[in-house]
Amino acid sequence: MRGYVRGLLAPVARKNSWQLAEWAGHRDPAGMQHLLAGARWDADVVRDDVREYVGEKLGPDGVLIIDDTGFVKKGSTSAEVGRQYTGTSGKIDNCQIGVFAAYATSRGRALVDRELYLPKVWTADRERCRAAKIPDERAFATKGELAKAMVTRTLAVGLPAAWVSADEAYGQEWKFRRLLEELEVGYVVAVPKSQQVKSLAGFWRIDELIAQAPEDAWQRISCGDGAKGPRVYD
């Protein structure tokens, strides 16, 4: 397992069993193939072990970060694969989409949970799901519903997060924000500028309310350098 994971993270040209085994110094790919196709292990139990380890090593009062990402694919048989938008390529592409939870403190950051997003075109075709080893009981769930399930179970088992953060894909969903309030955890989420806020005077777009703030209400804060340069926010 250690050799396989290190191979996935290494600059190996193709991530198949032969090349990963060669990178790890094995004589043949039998061990890698057995791990993927024959060995008996439970991915959720591994996740639970990782989550407990991360909580202990990174400490309390961290941030649980929710986000999704895509994995570009060429075939049509991998679970959930299909043409859909992914920020990985910045366009509609043949890919898989996963929703992830990461835990971050001043001591470091690490992934602690994951869910594969299954679009309706997949959940409506049970034969295709069975061929991809997807259980019959796995039903359609939105990315927001997957995120809520991950947050709930992650906090329920005692990960010492004090805050939850997510982008507007999740922040704009009131059920997601309400869940965080019910769990009594702080949160900072993005929302689109068209988000409506209710007041005694009626409904207001959030960009209209922000426009009324005086200049001295703002300060510019850096989030460090990103792939496209400095990341600053007002």
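(A) Here's a closer look at the overall build of the protein chain. Secondary structure summary: the protein chain contains 10 helices and 10 strands in total. In terms of principal-axis extent, the alpha carbons of the protein chain reach across some 70 × 45 × 35 Å. In the protein chain, which comprises 234 residues, the share counted as buried stands at 31%. Surface accessibility of the protein chain: about 15800 Å² in total, with carbon and sulfur atoms responsible for 53%.

(B) The arrangement of the pairing of strand S5 (residues 161-166) in detail. Two strands pair when backbone bridges link them, and strand S1 (residues 62-72) and S5 are joined in this way by five bridges, in the parallel orientation. Across the sheet, Gly-62 pairs through a bridge with Ala-161, a residue of S5. With four bridges joining them, S5 and strand S6 (residues 186-189) adopt parallel strand pairing. Bridging from a neighbouring strand, Val-164 pairs with Tyr-187 of S6.

(C) Layout of unusual backbone geometry. Here Asp-61, not a glycine, exhibits a phi torsion of approximately 65°, which is positive. Take Asp-61: it is sitting in the loop between helix H4 (43-58) and S1. With a phi close to 65°, Lys-133 is a non-glycine residue in the positive phi region. Here Lys-133 is to be found in the loop between helix H6 (126-131) and helix H7 (143-156).

Rules of the game
- Residues numbered from 1 in each chain as written.
- Predicted model: local features only at pLDDT ≥ 70, side-chain atom pairs only at ≥ 80, totals over all residues.
- Heavy atoms only, no water.
- Helix = DSSP H or I, 4+ residues; strand = E, 2+ residues; numbered from the N terminus.
- Buried < 20%, exposed > 50% of the residue type's maximum accessible area, 1.4 Å probe, protein only.
- Areas by Shrake-Rupley, 256 points an atom, 1.4 Å probe, with all protein chains shown as cover.
- Pairing = 2+ DSSP bridges.

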